[in-house]
Amino acid sequence: MKKRAFLAGAAVLAAVAGAGYLALGTRDAAPAVEYVLLDGTRQNFADLRGKVVLVNFWATSCVTCVKEMPEMVATYQKYRDRGLDFVAVAMSYDPPAYVANFTESRKLPFKVAIDNTGQVAREFGDVKLTPTTFVLNRRGEIVKRYVGEPDFAQLHQLVEKLLAEG
């Protein structure tokens, strides 16, 4: 009986240690995919290396996206001078005129991209649910993915930690 409990405990410990190693050991690089901003400018996520980046997939028809956007703006404004960049990627089904109107009326201060082909969403793991937000470190690695509205206190702690890594 004691031997079986010991073996079960050892198996659980090994599984937890293995999961911890995987969580800490390897991170996926953000895809080096090109995106098009509202003004027609073409940029690439690879060009953002050296900055902490939030990539937010959203839609004007998404109630949660609209609700969280003021907090996203506040987060960007709080950290942009310390090296945070932000790309709001409008989903392929979102009419560009709606995206432009939303961006203008809400005075979004960060980059807004139109993913009219869906390529950016596919490259980030076939994003379908909005909002979905990725946090990238300065090396261009994905360190966190939020599906739905993030816990902004937790998000701010993570951004602070990543910005401090220099």
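Residues numbered from 1 in each chain as written. Predicted model: local features only at pLDDT ≥ 70, side-chain atom pairs only at ≥ 80, totals over all residues. Heavy atoms only, no water.

Helix H5 (residues 152-164) packs onto helix H2 (residues 63-79) with a crossing angle of 25° between their chain directions and a minimal axis gap of 12 Å. Judged by the angle between their axes, H2 and H5 are roughly parallel. Of the two elements, H2 crosses H5, and the hand of that crossing is right-handed. Taken together, the residues of H5 that come into contact with H2 (itself represented by Glu68, Glu71, Met72, Thr75, Lys78 and Tyr79) are Phe152, Leu155, His156, Val159, Glu160 and Leu163. Residue composition of the contact of H2 with H5, by class: six nonpolar, two polar and four charged. (Axes fitted to C-alpha atoms, helices over the stretch in contact; angles between N-to-C directions. Helix = DSSP H or I, 4+ residues; strand = E, 2+ residues; numbered from the N terminus. Parallel < 35°, antiparallel > 145°, perpendicular 65-115°, else oblique. Left-handed = near helix turned anticlockwise from the far one by under 90°. Contact = heavy atoms within 4.5 Å. Nonpolar A, V, L, I, M, F, W, Y, C, P; charged D, E, K, R; others polar.)

Here the focus is unusual backbone geometry. A cis amide bond links threonine 130 to the next residue, proline 131, at an omega of -5°. Within the secondary structure layout, proline 131 lies in the loop between helix H4 (119-123) and strand E6 (132-136). The phi angle at lysine 107 is positive, at roughly 55°, despite the residue not being glycine. Checked against the element boundaries, lysine 107 lands in the loop between helix H3 (96-105) and strand E5 (111-114). Residue class for lysine 107 comes out exposed when judged on its relative accessible area of 66%. Its identity as a non-glycine residue notwithstanding, aspartate 126 has a phi of 60°, on the positive side. Relative to the assigned elements, aspartate 126 resides in the loop between H4 and E6. (Buried < 20%, exposed > 50% of the residue type's maximum accessible area, 1.4 Å probe, protein only.)

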